[in-house]
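Examining the three-dimensional arrangement
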Amino acid sequence: MGLLSDPVRRRALARLVLRLNAPLCALSYAAGVAWFLALAFPPLTQRTYMSENAMGSTMVEEQFAGGERARGWARDFAAHRRKAGALPAAWLERAMRSVGLEVYTQSFSRKLPFPDEAQERYMVSGTNVYGILRAPRAASTESLVLTVPCGSDATNSQAVGLLLALAAHFRGQIYWAKDIIFLVTEQDLLGTEAWLEAYHDVNVTGMQSSPLQGRAGAIQAAVALELSTDVVTSLDVAVEGLNGQLPNLDLLNLFQTFCQKGGLLCTLQGKLQPQDWTSVDGPLQGLQTLLLMVLQQASGRPHGPHGLFLRYRVEALTIRGINSFRQYKYDLVAVGKALEGVFRKLNHLLERLHQSFFFYLLPALSRFVSIGLYMPAVGFLLLVLGLKALELWMQLHEAGVGPEEAGAGPGPSPPLQPAQSVGLASLVAPLLISQAMGLALYILPVLGQHVATQHFPVAEAEAVVLTLLAIYAAGLALPHSTQWVVSARAPDRGWMALKLVAVIYLALQLTCIALTNFSLGFLLAVTTVPAAALTKPCGPRPLYATLLVLTSPAATLLGSLFLWQELQEAPLSLAEGWQLFLAAVAQGVLEHHTYGAMLFPLLALGLYPCWLLFWNVLFWK
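Throughout what follows, the structure given in this document is the object of discussion. Nothing here was measured: the structure is a model prediction, and the numbers come from that model. (Residues numbered from 1 in each chain as written. Predicted model: local features only at pLDDT ≥ 70, side-chain atom pairs only at ≥ 80, totals over all residues. Heavy atoms only, no water.)

**Structural notes on the overall build of the chain**
Along its length, the chain carries 21 helices and 12 strands. What you see for the chain is a C-alpha radius of gyration of 28 Å, in line with the 25 Å of a compact globule of 621 residues. Projected onto the principal axes, the alpha-carbon positions of the chain cover approximately 95 × 60 × 45 Å. Going through the 621 residues of the chain one by one, you find that 55% of them count as buried. Within the chain, counting contacts between residues at least 6 apart in sequence, those at least 24 apart form 81% of the total. In the structure as shown, the chain presents an accessible area of about 26,100 Å², 61% of it carried by carbon and sulfur atoms. Distance between charge centres in the chain, computed from 42 positive and 41 negative side chains, equals 4 Å. (Helix = DSSP H or I, 4+ residues; strand = E, 2+ residues; numbered from the N terminus. Rg over C-alpha atoms; globule rule 2.2 N^0.38 Å. Buried < 20%, exposed > 50% of the residue type's maximum accessible area, 1.4 Å probe, protein only. Contact = heavy atoms within 4.5 Å. Areas by Shrake-Rupley, 256 points an atom, 1.4 Å probe, with all protein chains shown as cover. Lys, Arg positive; Asp, Glu negative; His and termini not counted. Charge placed at Lys NZ, Arg CZ, Asp CG, Glu CD.)

**Notes on the environment of G32**
Inspection of the secondary structure puts G32 in helix α2 (residues 7-37). It is 15 Å that separates the C-alpha atoms of G32 and L291, two residues lying 259 residues apart in sequence. Not counting chain neighbours up to four residues away, the residues in contact with G32 comprise A377, F380, L381 and F522.

**With respect to the state of the cysteines**
As used here, a disulfide is simply a covalent bond connecting the sulfur atoms of two cysteines. Applying the stated criterion across every chain yields a total of 0 disulfides. Of the cysteine sulfurs around C259, a residue in no disulfide, the closest is that of C266, at 4.1 Å. Owing to a relative accessible area of 1%, C259 belongs among the buried residues under this scheme. Free of any disulfide, C538 has its nearest neighbouring cysteine sulfur in C25, separated by 16 Å. Overall, the relative accessible area of 42% leaves C538 in the partly exposed class. (Disulfide = S-S within 2.5 Å.)

**What to know about helix α7 (residues 249-262)**
Over its 14 residues, α7 extends 20 Å from the first C-alpha to the last, a length consistent with the 20 Å expected when each residue adds 1.5 Å. For α7, the buried fraction is high: 10 of the 14 residues fall into the buried class. For α7, every residue scored as buried is listed here: L249, D250, L251, L252, N253, L254, F255, Q256, F258 and C259. Among the residues of α7, the N-terminal cap falls to N248, whose side-chain oxygen and the backbone nitrogen of D250 are separated by 3.0 Å. Trailing α7 by a residue or two, G263 shows a phi angle of about 75 degrees, which is positive. (Expected span 1.5 Å × (residues − 1). Polar contact = N/O pair within 3.5 Å; in protein donor to acceptor, adjacent residues only side chain to side chain.)

**Details of the packing of helix α14 (residues 460-474) against helix α20 (residues 574-595)**
When two helices pack together, their arrangement is captured by the angle between the axes and the distance separating the axes. Contact geometry for α14 and α20: axes closest at 10 Å, N-to-C directions at 100 degrees. Classed by the angle they form, the pair α14 and α20 counts as roughly perpendicular. Across from V464, V465, L468 and L469 in α14, the residues of α20 making contact are W578, F581, L582, V585, A586 and V589. Its residues placed into classes, the contact of α14 with α20 shows 10 nonpolar, no polar and no charged. (Axes fitted to C-alpha atoms, helices over the stretch in contact; angles between N-to-C directions. Parallel < 35°, antiparallel > 145°, perpendicular 65-115°, else oblique. Nonpolar A, V, L, I, M, F, W, Y, C, P; charged D, E, K, R; others polar.)

**What about the pairing of strand β4 (residues 142-150)?**
Within β4, 8 of the 9 residues are buried, which leaves it mostly tucked inside the rest of the structure. As paired elements, β4 and strand β7 (residues 218-227) share 6 bridges and run parallel to each other. Counted as the bridge partner of T147 is A224 from β7. Both β4 and strand β5 (residues 179-186) contribute to a ladder of 8 bridges, which runs parallel. Bridge pairing links T147 to L183 in β5. (Pairing = 2+ DSSP bridges.)

Rendered as structure tokens:
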């Protein structure tokens, strides 16, 4: 306490903090980036293991042999789909009843906030068909789900055929202790969301649907199956759910174990697993897979029907059959045996999956990084903001100590001057206008789409995107808009107070985001922290302005899209990247209003106003 109460000692402490602040910030930022890059290397990456005792062994004998039956059902489904031009609900009902299931249907409809040009739909309606296999050895208190999504095309007919064949096989077994729901949804994720909301008797997205006539027990786990090709060379697993949620790691380990038992090639992010982790090549390949997972999780999109199940505390995976590795080829019997083994082990569960990790990163299917090992990466980046906030606070409260005096040598100190008044009233206008711009960015594009289409020759989706970009660019005029509000007698150190508020605001946002979605928090921190630390109204202002623009939320999204395509080995030209950026913006807004994805409101109401504060600091007069 004496160090803080003694003016001379406090002045010496302030000089020390100011002198070491810049090198400490640079060192902390470099440590955060280096820590993240090291996550794909042992010992930070660990081997996966099964934590749930009920699923610790694969000693079950898979007996599924309905490959020909599955292919026959797949052909019939595809033929009826082409004839009806939609999901053949009546045919599905007959097929499910023929294998002994309780069959029910559900109709739903949803008006999108603006037309989805990617799927060419606006007024969406459809029918879900599901059948329930009642457990012969227990009451209907718990259940498992096998779901197949069907979009506007008929590319998932193989999965429907396999679902019906598995239902017929499961119907002849007597060891089931949980109900099994076989669900076929229309309109992809919209049908899945409609069924889940009706099953749990909630309405969180404004979906109009008929009530379910039949229910099973509480859903313990779910598997979504997508077979978009007749030739399956590998099974790719998707784990990223809505707003970055992940399933329990034991569920992923269980599926991988049965793939290994059956000799199936299992991939993650479409990439083969590294075999040698002792050399540099294996971890480098794992780093590429880890970066792909980080980009997918940061988007907040549900990368499959399983992503919507996670919202209801149902552990789920999406399994996709892909045709990318010509040297491998598997039939529906092999895929069916793997699914049979997974469901038989899930049938043994006595409680929900909870013993393994819910927060992790995956450089490979056989390797994972736990939350305790990856959080220091974002912690080092946030430390930069803490050090910068401390420096600004010292400069504001120790009026005689500025950055130019921090490196002064020892000697008699001049008398301590009284702290200069900050003038907090001068900060109100930038703060209010920044938040107002963020609110306009969030509300006006969708509300004003009809006005834009009446005055300009654009479609509704284009009007939403163009309005959003116009409001975003208009924020660059914020310093000029606040000049008439800010008093001309504002103190010289007013920009320091504004930057201190902006730094604390940014640090709080990034901390909260990183705790729930590490990937999004890290990507935003690694891009925004350098600009936030360096921005000031004196010095090379054009350089600072360029850095701020390049690290803005929109530029971060654009750069992430280019990085994603590079990691997928499909690089884009500038024109292709811009078109993909516009489509991603429209899809992000649509998914927020349709499923509740939080990336758009986080950027519009949080990061964008905070970025405008730093822009205002740069042009402070």
